[in-house]
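# Residue-level structure breakdown
For reference, the chains in residue letters:
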Amino acid sequence: MTLTKEKVFVTKSFMPPLNEYMQYVEKVFNNAQLTNGGPLVKELEAKLIDYLGIDNIQYVTNGTIALQLALRALDIEEGEVITTPFTYVATTSAILWEKLKPVYVDIEPDNFTIDPNKIEEKITPKTCAIMPVHVFGYACDVDKIQKIADKYNLKVIYDAAHSFGARYKGKSLASYGDISTLSFHATKLFHTVEGGACIIKDEIVKKELDLLKRFGHNGDEHFCLGINGKQSEIHAAMGLSILPYMNEILEKRRRICKLYDELLKDVVQLPDKQKDHEHNYAYYPVVFKSEEELIRVFEVLKQDEIYPRRYFYPSLNKLPYILEYTPCPISEDISKRIACLPLYPALDLETVEKIGKTIRNCILG
Ligand SMILES: *Cc1c(COP(=O)(O)O)cnc(C)c1O
């Protein structure tokens, strides 16, 4: 018999005990209400408010529609949205899908978030919003960004898809800006298979977004053009059965990150630790000296069936469907040299040690 080695990918979805998930599914079957703001969706929303320490949340179908609903609820219908080129493509595609123009501002070299000192020079009379990303769960400079937004009367929408459970200056990282959005996709730290959420500051905007996500009507009374952003009871069931494991999940991730730190801190560049920031260990990004070094490491790891991912590559200002090229030298440079290493609660520390040592040996030769 030949043993096939289990492949190690950058992440692996957390699966709750099947019987605990089934208990929630049984409730759904008994209620016979599958969607449209059912009792499990309401229960998950209440538990998320409690767990994250936020004061409101709207659970929606995914993190991309959360961004699009956020733009719509804030009446951002035309113009330019200042954003970061160093993120998952969904941040940009949400802007483009809403027929708005993404305007890229380069990033900080030490934690890859948007450089607040470069935002003002990109503001024009057409600018209507800023959409920064707390990339890998690191906090954007929320104070500087808010000051600029106030000065120019701009809305701020944080794509907080990576920020579940991260805290900054004593508050949930998902509580800043006019709206913060989360993603609960299967590959994210906390997931509901597919899913997302909006956390909203203003009461009227909250009501507006709630209406937009269910076709813009209440019964027979139609108020505005809406879309379907409602999430189902079956998805909520997954979230409810995973939420009690979050502390355990975070502790396992913390231990993996600590071991990577020990093995790698002198051979690759790691993001700077931030002051007043409580990390959520959502990703383990490492920056290599060059793209060649990254490719060499990937080839060696592949021999052991280990597959890190090039997050995020390419820098989004270089997307083929972005017709007007804006140089973002730091993002373009980092994008070529950065990768996320495998990180998920089921990953055993022996494998982490093997990955760390393989990378060390590959770099140090
Ligand atoms: C995952 C992700 C999204 C999109 O979320 P979905 O739930 O997959 O639609 C948006 N922004 C960032 C930064 C992401 O990583």
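Each chain carries its own residue numbering, running from 1 in the written order of its sequence. Totals for whole chains, interfaces and linings use every residue, but because this is a predicted model, local features are given only for residues with pLDDT of at least 70 and side-chain atom pairs only at 80 or more, for both listing and counting. Hydrogens and water are ignored here; the side-chain numbers use all heavy atoms of the structure.

### Some points on the packing of helix α8 (residues 246-264) against helix α11 (residues 349-364)
For the pair α8 and α11, the least separation of the axes is 9 Å and the interaxial angle reads 25 degrees. On the basis of their axis angle, the class for α8 and α11 is roughly parallel. By crossing handedness, the relation of α8 to α11 is classed as right-handed. In contact with R255, I256, L259, Y260, L263 and L264 of α8, α11 contributes L349, V352, E353, I355, G356, K357, I359 and R360. Of the residues assigned to the contact of α8 with α11, the class counts are 9 nonpolar, 1 polar and 4 charged. To get an axis, fit a line to the C-alpha atoms, keeping to the stretch in contact for a helix; angles then go from 0 to 180 degrees between the N-to-C directions. Numbering of helices and strands runs from the N terminus, with a helix taken as a DSSP run of H or I at least four residues long and a strand as a DSSP run of E at least two residues long. The scheme is simple: roughly parallel for angles under 35 degrees, roughly antiparallel for over 145, roughly perpendicular for 65 to 115, oblique for anything else. Handedness of a crossing follows from how the near helix is turned relative to the far one, being left-handed for an anticlockwise turn of less than a right angle and right-handed for a clockwise one. Contacts were defined at the residue level, with two residues in contact if any of their heavy atoms lie within 4.5 Å. Residues are sorted three ways: Asp, Glu, Lys and Arg are charged, Ala, Val, Leu, Ile, Met, Phe, Trp, Tyr, Cys and Pro are nonpolar, and all the rest, Gly among them, are polar.

### Focus: helix α7 (residues 233-242)
Three or four residues apart is the spacing at which side chains of an α-helix point the same way, because the helix has 3.6 residues per turn. In this scheme, a residue with accessible area under 20% of its type's maximum is buried, one over 50% is exposed, and one in between is partly exposed, where area comes from a 1.4 Å probe on protein chains only. The buried fraction of α7 amounts to 8 of the 10 residues, a majority that puts the element mostly inside the structure. Residues E233, A236, A237, M238, G239, L240, S241 and I242 constitute the buried set of α7. Those residues of α7 that are buried are in contact with α1 (18-31), α2 (39-52), β2 (58-60) and α8. Sitting at the amino-terminal end of α7 is S232, which places a side-chain oxygen 3.3 Å from the backbone nitrogen of I234. By the criterion applied in these results, polar contacts are pairs of N or O atoms within 3.5 Å in which, for protein atoms, one can donate a hydrogen and the other can accept it, and in which residues neighboring in sequence qualify only through two side-chain atoms.

### Concerning the pattern of salt bridges
The term salt bridge refers to a side-chain nitrogen of Lys or Arg lying within 4 Å of a carboxyl oxygen of Asp or Glu. Overall, the coordinates contain 20 salt bridges when judged by the stated rule. Measuring nitrogen to oxygen at the nearest pair gives 2.8 Å for the salt bridge that ties K47 to E43. In this pair, K47 and E43 are both assigned in helix α2, 4 residues apart and thus about one turn of the helix distant. Accessibility expressed as a relative area gives 24% for E43, which makes it partly exposed. The closest approach of N and O atoms between R255 and E251, which form a salt bridge, is 3.4 Å. One end of the pair, R255, and the other, E251, are both in helix α8, 4 residues apart, so they sit about a helical turn from each other.

### Digging into the pairing of strand β3 (residues 80-83)
Side chains on a regular strand alternate between the two faces of the sheet. The alternating pattern of β3 places E80 and I82 and V81 and T83 on opposite faces, both of which are buried. By definition, two strands form a pair when at least two bridges between them are found by DSSP. Here β3 pairs with strand β4 (residues 101-104) via 4 bridges, running parallel. Bridging from a neighbouring strand, I82 pairs with V103 of β4. With helix α4 (residues 89-97) bridging β3 and the parallel β4, this β-α-β connection has right-handed handedness. Two elements, β3 and strand β5 (residues 127-131), share 4 bridges in a ladder whose sense is parallel. Each bridged residue has a counterpart across the sheet, and for E80 the counterpart in β5 is T127. When the strands point away from the viewer and the path from the first strand over the helix to the second turns clockwise, the crossover is right-handed.

### Focus: the sheet that holds strand β13 (residues 277-278)
Ordered by their spatial adjacency, 3 strands build an open sheet running β8-β7-β13, and the pairing between neighbours is antiparallel. Of all strands in the sheet, those with a lone pairing partner are β8 (171-172) and β13, marking the two edges. Relative to β13, strand β7 (residues 167-168) runs antiparallel, the two sharing 2 bridges. By the bridge assignment for β13, R167 is matched with E278.

### Describing the site of the ligand
Neighbouring residues of the ligand: 14 residues in total, closest G63, T64, D159, H162 and K188. The backbone of G63 places a nitrogen or oxygen atom 2.7 Å from an oxygen atom of the ligand. Considered on its own, the ligand offers 380 Å² of accessible surface; in the complex 92% of this is hidden by protein. At the level of elements, α3 (63-73) and α4 are the ones that each hand at least two residues to the shell around the ligand. Proximity criterion: a residue is near a molecule or strand once any of its heavy atoms comes within 4 Å of it. For the accessible areas, the method is Shrake-Rupley and the probe is 1.4 Å, while residue cover comes only from the protein chains on display.

### Comments concerning the side chain of H191
For H191, the position within the fold is in the loop between β9 (179-183) and β10 (196-200). A relative accessible area of 3% means that H191 is categorised as buried. From its side chain, H191 meets the backbone oxygen of F14 in a polar contact 2.8 Å long. At a separation of 3.0 Å, a polar atom in the side chain of H191 contacts the main-chain amide nitrogen of V193. In this view, H191 contacts S13, F14, F184, H185, A186, M238, G239 and I242; residues no more than four positions away in its chain are not counted.

### A look at the nonpolar core
Buried residues of nine kinds, namely Ala, Val, Leu, Ile, Met, Phe, Trp, Tyr and Cys, make up a nonpolar core once their side-chain atoms join them within 4.5 Å. Counting residues in hydrophobic clusters, the biggest one holds 48 residues, and the most contacted among them are F86, F112, F136, F164, L182 and F190. Elements with a contribution of two residues or more to this core: α1, α2, β10, α7, α8 and β16 (338-340). Residue ranges assigned to each domain were obtained from an automatic or database domain assignment. When residues of this core are assigned to domains, at least three map to each of domain 1 (8-12 + 245-364) and domain 2 (18-243).

### Focus: the domain arrangement of the protein
Here the domain parsing of the protein yields domain 1 (8-12 + 245-364) and domain 2 (18-243). For domain 1 and domain 2, the distance between their C-alpha centroids amounts to 25 Å. Taken together, the contacts link 39 residues of domain 1 with 43 residues of domain 2. Interface of domain 1 and domain 2: buried area, both sides summed, is about 3600 Å²; carbon and sulfur atoms make up 63% of it. Summed over both partners, the accessible area lost on bringing two parts together, with a 1.4 Å probe, is the buried area.

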